[in-house]
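A structural walkthrough
Next come the chains, spelled out residue by residue.
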Amino acid sequence: MSNDPERFDSMLLAMAQQHEGGVKELLGTIVSFLARKTDFFIGGKEGEWEKVVKDTFYVHAKKAKEEADKIKKEKEEADRRLKEIQQKKEQERLAQDFVPATVTELTDQEANKMLEDIEKEKQSKTEDGSGDGSPTSSKSEIPDEDDDPAEKGKLKPNSGNGCDLENYRWTQTLEEVELRVPLRQVLRPRDLLVIINKRHLKVGIKGQPLIIDGELDADVKVEESTWVLQDGRNLLVNLEKVNKMNWWGRLVTTDPEISTRKINPEPSKLSDLDGETRGLVEKMMYDQRQKEMGLPTSDEQKKQDVLKKFMEQHPEMDFSKCKFN
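What counts and how
Residues numbered from 1 in each chain as written. Predicted model: local features only at pLDDT ≥ 70, side-chain atom pairs only at ≥ 80, totals over all residues. Heavy atoms only, no water. Core = buried A, V, L, I, M, F, W, Y, C linked by side-chain atoms within 4.5 Å. Buried < 20%, exposed > 50% of the residue type's maximum accessible area, 1.4 Å probe, protein only. Helix = DSSP H or I, 4+ residues; strand = E, 2+ residues; numbered from the N terminus. Contact = heavy atoms within 4.5 Å. Pairing = 2+ DSSP bridges. Axes fitted to C-alpha atoms, helices over the stretch in contact; angles between N-to-C directions. Salt bridge = Lys/Arg side-chain N within 4 Å of Asp/Glu carboxyl O. 1 Å grid on protein atoms, 1.4 Å probe; cavity = no way out; pocket = protein on both sides within 12 Å on 5 of 7 lines; lining within 4 Å. Points joined across faces, edges and corners; volume = space filled by probe spheres on them. Nonpolar A, V, L, I, M, F, W, Y, C, P; charged D, E, K, R; others polar.

What about the nonpolar core?
Membership of the largest hydrophobic core comes to 31 residues, with the highest contact counts inside it found for Trp170, Leu179, Leu201, Leu239 and Leu251. Mapped onto this core, the elements with two or more residues apiece are β3 (176-182), β4 (192-196), β5 (200-205), β7 (220-230), β8 (234-241) and α6 (275-292). Non-local contacts of tryptophan 170, meaning those with residues more than four positions away in its chain, are made with Asn158, Asn161, Gly162, Cys163, Val177, Glu178, Leu179, Trp248, Gly249, Arg250, Leu251 and Ile258.

Here you go:
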């Protein structure tokens, strides 16, 4: 016969659910059964049943304490790893905040090259019919996102710029993705299967079909990604992005896709980013607003400023026959 201590769990759980008085009432039922249907209390020597009960309870009490200590140690280790990663990120952010900004002045030769590039781009647009010397975009001409075929069927991001799905919820910043999986039962870390690879994620409960098993939307830093079991019922996974300039459209490629165009990080959260990333995010938001109003983006504005400066430095050149957007 199998010595598996869990083989009667389903039967005992069913019994326990019928005892509103809890463990004490359940024990009373079992002891009553031994007294009524067996010779446990009277079949041996005087006091032998007491020794059997004591030894049995002490053996399992010791196992329970060892298991509790192990779970506590695993949780403390997971919390320590998570704290180390958070401290490392904070140190990196502080270091980057103190990196001095640099400004590069263009030489006349570089300005000439940029002018040529602008002319080539202008001629290219004219030849393919996309430019005729007049502004090519205005606020009224910008297509509605809902009318864009590329946006059809995409979900609106949740409040954390991610997606709420049936079995889990994920949110994101430009730096990381946070995954929360409700387990609907009390578990221990050793009961879980969590495998984080550079481009693949597996999450599940051992002995059951995987909850997540798919290719990630983009690469992650395995050594800086971590997971922790909270209160035995919720799994929290933090994935560190490799590309910190990219919004994910989905957690894994089998998930429904969200519209990254509708992602709009709250300004209050920009202060949490390091100096370089914050500047890039602010630039993206500025360019998005400029496009919506039919105005030049920051890069286009720089080109116009360089051209204006070049024209001021070379008044002898005739630009009257040139047309620019």
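Remarks on the side chain of aspartate 191
Assignment of secondary structure puts aspartate 191 in the loop between β3 and β4. Its relative accessible area of 17% is what places aspartate 191 among the buried residues. Sequence-distant contacts of aspartate 191, defined by excluding residues within four places in its chain, comprise Ile205 and Lys206.

Considerations on the sheet that holds β4
The antiparallel open sheet is built from three strands, whose spatial order is β4-β5-β6. Across the chains shown, the open sheet's two edge strands, defined by having one partner strand only, are β4 and β6 (212-215). Sheet twist, expressed as the average angle between the axes of neighbouring strands with direction ignored, equals 5°. For β5 and β6, the ladder comprises four bridges, and the chain directions are antiparallel.

Points about the pairing of β6
Of the two faces of β6, the one lined by Ile212 and Gly214 is fully buried and the one lined by Asp213 and Glu215 carries no buried residue. Connecting the antiparallel pair β5 and β6 is a turn made up of six residues, with glycine 207 showing a positive phi of about 85°.

Some words on the pattern of salt bridges
Under the criterion given, the structure shown has 16 salt bridges. With its nearest N and O atoms 3.2 Å apart, the salt bridge here joins glutamate 178 to arginine 180. The exposure class assigned to glutamate 178 is partly exposed, which follows from its relative accessible area of 24%. A salt bridge links lysine 244 to glutamate 240, with the nearest nitrogen and oxygen atoms 2.7 Å apart.

Points about the layout of surface pockets
As a volume, the largest pocket reaches approximately 1,500 Å³. In this structure, the largest pocket is lined by 29 residues; those nearest its centre are Pro5, Asp9, Leu12, Thr56 and His60. For the lining of the largest pocket, the elements supplying multiple residues, two or more each, are α1 (9-17), α2 (23-37) and α3 (48-97). In terms of residue count, α3 provides more of the lining of the largest pocket than any other element does, 11 residues in total. Partitioned by chemical class, the residues of the lining of the largest pocket number 19 nonpolar, three polar and seven charged.

A short note on the sheet that holds β8
Spatially, five strands are ordered β1-β2-β3-β8-β7 in an open sheet, and the strand pairing comes out antiparallel. For this open sheet the edge positions go to β1 (163-164) and β7, each flanked by a neighbour on one side alone. As paired strands, β7 and β8 are joined by seven bridges and run antiparallel to one another. Residue pairing across strands places threonine 226 opposite asparagine 238, the latter belonging to β8.

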